[in-house]
Amino acid sequence: MIPAITAKYDWILALTSIAFVFSAFGNGANDVANSYATSVAARTLEMWHVGILATITEFVGAVALGSRVTSTIKSGIISPDKFMGNPGTFMLAMGCAEVGSAAWLMWATHVGWPVSTTQTVVGALVGVGFATQADIAWGWKDGSVSQIAASWGIAPAVACAFSALIFGILKYTVLERKDSFKWAMRLIPVYLSMTGAILALFIVVEAPTAPSLEEFGAGKAVGIILGVFFGCLLLSYLFFIPYFHRRLVKQDARIKFYHIPLGPWLLRDDCPIYFPGKGDKFVINYYEDAYGEVRAGQKDGEKAAEPKDAPNTVDVERSAESAMATPQIQPKKRIIGPHERFLQPVENLSWMNPAKYWGWTKFILLQGVTRDVITHDSEHLRAIHARAHRYDDRVEHLWTYCQVVSAMMMSIAHGSNDVANAVGPWAGSYATYLSGEVNIKSETPVWFLVIAGLLLGAGFWFYGYNIMRAMGNKITQMSPTRGFATELGAAITVLLASRLGLPVSTTQCLTGAATGVALMNYDLGAMNWRQLGFIFLGWVLTLPCAGLVAGLMCLMALNTPHF
């Protein structure tokens with residue numbers, strides 16, 4: 001039985017629920033893309049691959065690891081004292097905060113601004129705090145507005161340093177050594193194992209349901225790192241090394257990722273190959289855009305392919321044509337977008353023809369994951385990409401597996417942590433409606449998290465392409481090794497910052513990490529500074545814009561004449 005004091009406010013709950021749908025959808029469209037943007041930009045994954053992976057990882061993060069207790073007043077930004085005895089006003093404030101958050105996220109996604117969803121909901125709460133004259137936490141304390149403003153510079157700088165360090169180590173231990181592919185084959189098990197160990201610790205410690213690091217214990221943390229490291233090392237030598245040898249050394253184009261379970265059998269020529277791959281390419285060109293053009297490496301000068309009149313001894317590990325191929329501009333390929341693929345074939349058909357409805361159905365369901373987000377027809381970007389160094393495609397292929405794992409872990413962590421940004425105001429309004437009194441710490445039902453997890457994945461599937469385009473090759477030339485360093489550097493930054501109680505944004509960490517990797521080209525021209533300025537502008541506008549929408553709506557609602 002709904003208490004009489006809140007029963008009359010069911011319309012506020014209904015509007016808040018609608019706003020929640022758009023807020024969670026916008027959260028997925030804007031923030032989920034951050035985890036996978038470098039993977040798509042580096043051609044490690046395609047958009048539809050990411051659409052499926054993101055739906056799964058965000059759902060798992062939100063439902064399995066999402067916090068069961070959601071703080072409605074996010075990080076104590078506004079004081080709940082003002083609402084005590086006025087549950088209707090509290091529901092209205094939370095509803096307006098949800099609307100402000102949803103409006104800004106949808107607009108930012110539309111214009112290609114990767115913004116922090118945490119800072120968006122905080123800005124919305126500050127807006128309703130002004131409208132209701134509630135106390136706002138301005139001082140320097142955990143989650144305060146001043147700390148959030150400071151994170152605009154701190155988070156990107158720390159992530160930049162970590163990713164530059166990781167890529168620098170990779171660059172000088174593998175990429176720029178003589179016989180880089182040999183060194184890559186020797187060291188890839190170590191890199192795979194280190195990635196697995198770091199990201200396992202990230203998930204265990206960063207999950208909202210996990211205890212603090214002090215409570216968890218340093219011994220357990222070290223145990224997890226060492227256990228996962230040596231476990232991954234064993235799996236690498238048993239399964240990955242034979243797979244890499246068969247595919248990259250023997251150049252067997254039939255071998256695909258789903259043959260990894262064959263393990264040592266792949267070393268035998270008579271190994272049975274189930275569902276053999278088609279085509280004659282054993283490795284793709286990771287620097288090629290959708291037009292078939294390669295820009296990276298054009299400024300390398302004398303750095304070119306090995307001389308063809310090399311000594312007579314043939315090294316099978318260095319005989320691939322793709323090893324250090326000189327970049328060449330090929331005739332432009334034709335890019336087919338979703339309109340041309342799904343709608344043009346049926347545009348002249350009658351609406352009585354089922355094929356027309358089928359074409360429109362495919363367009364609606366698939367338009368978000370069939371767009372080209374790699375190619376940018378801009379002379380400015382071509383010049384930037386040309387300044388990036390190009391490395392052996394076989395070496396780049398080895399690091400695609402590290403990159404995919406790190407992207408999936410980042411996505412799971414996002415689902416577990418940021419689900420509260422959309423669910424928080426809605427859960428607070430719902431709990432207050434059921435109890436008849438202000439409920440600032442609400443028990444979040446599992447079905448809330450299920451809905452939010454699905455909406456996060458749907459947001460990326462249908463509308464995440466704008467942020468994918470903004471966070472990928474539009475910042476700098478991406479490749480699997482660069483994407484790996486970017487994602488791992490961002491993950492380490494988020495982990496350390498959380499343990500130190502510093503509020504950081506995944507978006508800002510990944511942007512800073514991409515900057516660090518770009519700077520390791522030792523050429524300021526290899527970074528798109530215009531895009532960085534555009535992204536930073538979005539960060540600065542997030543708090544005031546989300547707050548303005550939420551505050552004005554709340555102010556008008558509170559002062560509307562009523563009977």
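Keep in mind it's a predicted model, so treat the numbers as computed, not measured. (Residues numbered from 1 in each chain as written. Predicted model: local features only at pLDDT ≥ 70, side-chain atom pairs only at ≥ 80, totals over all residues. Heavy atoms only, no water.)

**Things to note about the overall build of the chain**
At step 1: Tallying secondary structure elements over the chain gives 19 helices and two strands in all.
At step 2: When the 563 residues of the chain are sorted by exposure, 55% land in the buried category.
At step 3: For the chain, the share of sequence-separated contacts (at least 6 apart) that also reach a separation of at least 24 residues comes to 82%.
At step 4: In the structure as shown, the chain presents an accessible area of about 24,300 Å², 66% of it carried by carbon and sulfur atoms. (Helix = DSSP H or I, 4+ residues; strand = E, 2+ residues; numbered from the N terminus. Buried < 20%, exposed > 50% of the residue type's maximum accessible area, 1.4 Å probe, protein only. Contact = heavy atoms within 4.5 Å. Areas by Shrake-Rupley, 256 points an atom, 1.4 Å probe, with all protein chains shown as cover.)

**Remarks on the environment of Leu548**
At step 1: Position of Leu548 among the secondary structure elements: in helix 19 (residues 529–558).
At step 2: Of the residues examined, Leu548 reaches a relative accessible area of 53% and is grouped as exposed.
At step 3: Measuring from C-alpha to C-alpha, the distance between Leu548 and Val128 comes to 8.7 Å, with 420 residues separating the pair along the chain.

**Here's the deal with the nonpolar core**
Across soluble globular proteins, you tend to see nonpolar side chains buried next to one another.
At step 1: Val128, Phe244, Leu398, Trp399 and Met468 are the most contacted members of the largest nonpolar core, which totals 127 residues.
At step 2: In terms of domain composition, this core takes at least three residues from each of domain 1 (4–175 + 386–490 + 502–559) and domain 2 (177–271).
At step 3: Beyond its immediate sequence surroundings of up to four residues, Leu398 is in contact with Phe181, Ala184, Met185, Ile188, Phe244 and Leu248. (Core = buried A, V, L, I, M, F, W, Y, C linked by side-chain atoms within 4.5 Å. Domains from an automatic or database assignment.)

**Some words on the packing of helix 5 (residues 117–132) against helix 19**
When two helices pack together, their arrangement is given by the angle between the helix axes and the distance between those axes.
At step 1: Following both chains from N to C, one finds helix 5 and helix 19 inclined at 40°, their axes separated by 7 Å at the closest point. Between helix 5 and helix 19 lies a crossing of right-handed hand. Residue-level contacts link Gln119, Thr120, Val122, Gly123, Ala124, Gly127, Val128, Ala131 and Thr132 of helix 5 to Trp539, Thr542, Leu543, Ala546, Gly547, Ala550, Gly551, Cys554, Leu555 and Leu558 of helix 19.
At step 2: Along the lines of polarity and charge, the residues of the contact of helix 5 with helix 19 split into eleven nonpolar, eight polar and no charged. (Axes fitted to C-alpha atoms, helices over the stretch in contact; angles between N-to-C directions. Left-handed = near helix turned anticlockwise from the far one by under 90°. Nonpolar A, V, L, I, M, F, W, Y, C, P; charged D, E, K, R; others polar.)

**With respect to a nonpolar patch on the surface**
At step 1: A cluster of nonpolar residues, Leu548, Val549, Leu552, Met553, Leu555 and Met556, forms a patch on the protein surface that exposes about 530 Å² of accessible area.
At step 2: The residue Met553 is located in helix 19 in this model.
At step 3: Using a relative accessible area of 34% as the deciding quantity, one classes Met553 as partly exposed. (Patch = residues over 30% accessible without salt bridge, like charges linked within 9 Å, V, L, I, M, F, W, Y side chains within 5 Å. Salt bridge = Lys/Arg side-chain N within 4 Å of Asp/Glu carboxyl O.)

**Notes on unusual backbone geometry**
At step 1: The backbone phi angle of Phe275 is positive, close to 45°, even though this residue is not glycine.
At step 2: As for its position among the elements, Phe275 is in the loop between helix 9 (218–249) and helix 10 (338–343).
At step 3: Positive phi, close to 55°, is recorded for Tyr522, a residue that is not glycine.
At step 4: Mapped onto the elements of the fold, Tyr522 is located in the loop between helix 18 (506–519) and helix 19.
At step 5: The exposure class assigned to Tyr522 is exposed, which follows from its relative accessible area of 53%.

**A short note on the packing of aromatic side chains**
At step 1: Summed over all chains, the structure comprises 25 aromatic pairs.
At step 2: Where Trp104 meets Trp113, the ring centres are 5.9 Å apart and the plane angle is 35°; that geometry is what we call tilted.
At step 3: Note on Phe257 and Tyr258: the rings are 5.4 Å apart at their centroids and 75° apart in plane angle, and the pair reads as edge-to-face.
At step 4: Connected via pairs of aromatic rings, a cluster forms that spans Phe20, Trp426, Tyr430, Trp447 and Phe448. (Phe/Tyr/Trp six-rings, centres within 6.5 Å; stacked < 30°, edge-to-face > 60°.)

**Overview of the packing of helix 2 (residues 10–41) against helix 4 (residues 87–111)**
At step 1: Following both chains from N to C, one finds helix 2 and helix 4 inclined at 30°, their axes separated by 8 Å at the closest point. Classified by the interaxial angle, the pair formed by helix 2 and helix 4 is roughly parallel. The two elements helix 2 and helix 4 meet at a crossing, and its hand is left-handed. In this structure, helix 2 contributes Ile12, Leu13, Thr16, Ala19, Phe20, Phe22, Ser23, Phe25, Gly26, Asn27, Ala29 and Asn30 to the contact, and helix 4 contributes Gly88, Met91, Leu92, Gly95, Glu98, Val99, Ser101, Ala102, Leu105, Met106, Ala108 and Thr109. (Parallel < 35°, antiparallel > 145°, perpendicular 65-115°, else oblique.)

**Quick look at helix 4**
At step 1: The first and last C-alpha atoms of helix 4 sit 37 Å apart over 25 residues, in line with the 36 Å expected at 1.5 Å per residue.
At step 2: In terms of residue burial, helix 4 counts as a mostly covered element, since 18 of its 25 residues are buried.
At step 3: Looking one or two places after helix 4, you find Gly112, whose phi comes out positive at around 85°. (Expected span 1.5 Å × (residues − 1).)

**Notes on the UniProt feature "transmembrane region" (unreviewed entry) in the chain**
At step 1: Sites flagged by UniProt as "transmembrane region" (unreviewed entry) map to residues 47–67, 88–107, 148–170, 190–209, 221–244, 446–463, 484–502 and 532–558.
At step 2: Regarding residues 446–463, the helix share stands at 100% and the strand share at 0%, and the terminal C-alpha atoms are separated by 26 Å. (UniProt positions renumbered as here; feature names shortened; annotations may be inferred.)

**Remarks on the pattern of salt bridges**
At step 1: For the structure shown, the criterion picks out nine salt bridges.
At step 2: Salt bridges here are not isolated pairs; linked through shared partners, they connect Arg246, Asp252 and Arg254.

**Brief notes about the side chain of Thr109**
At step 1: Mapped onto the elements, Thr109 comes out in helix 4.
At step 2: Classification of Thr109 as buried rests on a relative accessible area of 0%.

**Topic: helix 5**
At step 1: Taking 1.5 Å per residue as the helical rise, helix 5 with its 16 residues ought to reach 22 Å, and the 23 Å between its terminal C-alpha atoms agrees with that figure.
At step 2: Across the 16 residues of helix 5, 14 count as buried, placing the element largely inside the fold.
At step 3: Where helix 5 begins, one side-chain oxygen reaches toward the backbone nitrogen of Thr118, 3.4 Å away; that side chain belongs to Ser116.
At step 4: Looking one or two places after helix 5, you find Gln133, whose phi comes out positive at around 60°. (Polar contact = N/O pair within 3.5 Å; in protein donor to acceptor, adjacent residues only side chain to side chain.)

**Looking at the side chain of Ser39**
At step 1: Along the chain, Ser39 turns up in helix 2.
At step 2: Looking at Ser39, the relative accessible area reads 0%, which means it is buried.
At step 3: Not counting residues up to four positions away in its chain, the partners in contact with Ser39 are Thr44, Leu45, Gln403, Ala407 and Glu487.

**Overview of the confidence of the model for the chain**
At step 1: Across the chain, the average pLDDT comes to 82, with 85% of residues at or above 70.
At step 2: The spread of mean pLDDT over the elements of the chain runs between strand 1 (residues 69–71), the lowest at 55, and helix 11 (residues 354–366), the highest at 93. (pLDDT = per-residue confidence, 0-100.)

**Some details on the environment of Gly428**
At step 1: Turning to its location among the elements, Gly428 is positioned in helix 14 (residues 400–435).
At step 2: Between the alpha carbons of Gly428 and Met94 there is a distance of 7.2 Å; along the sequence they are 334 residues apart.

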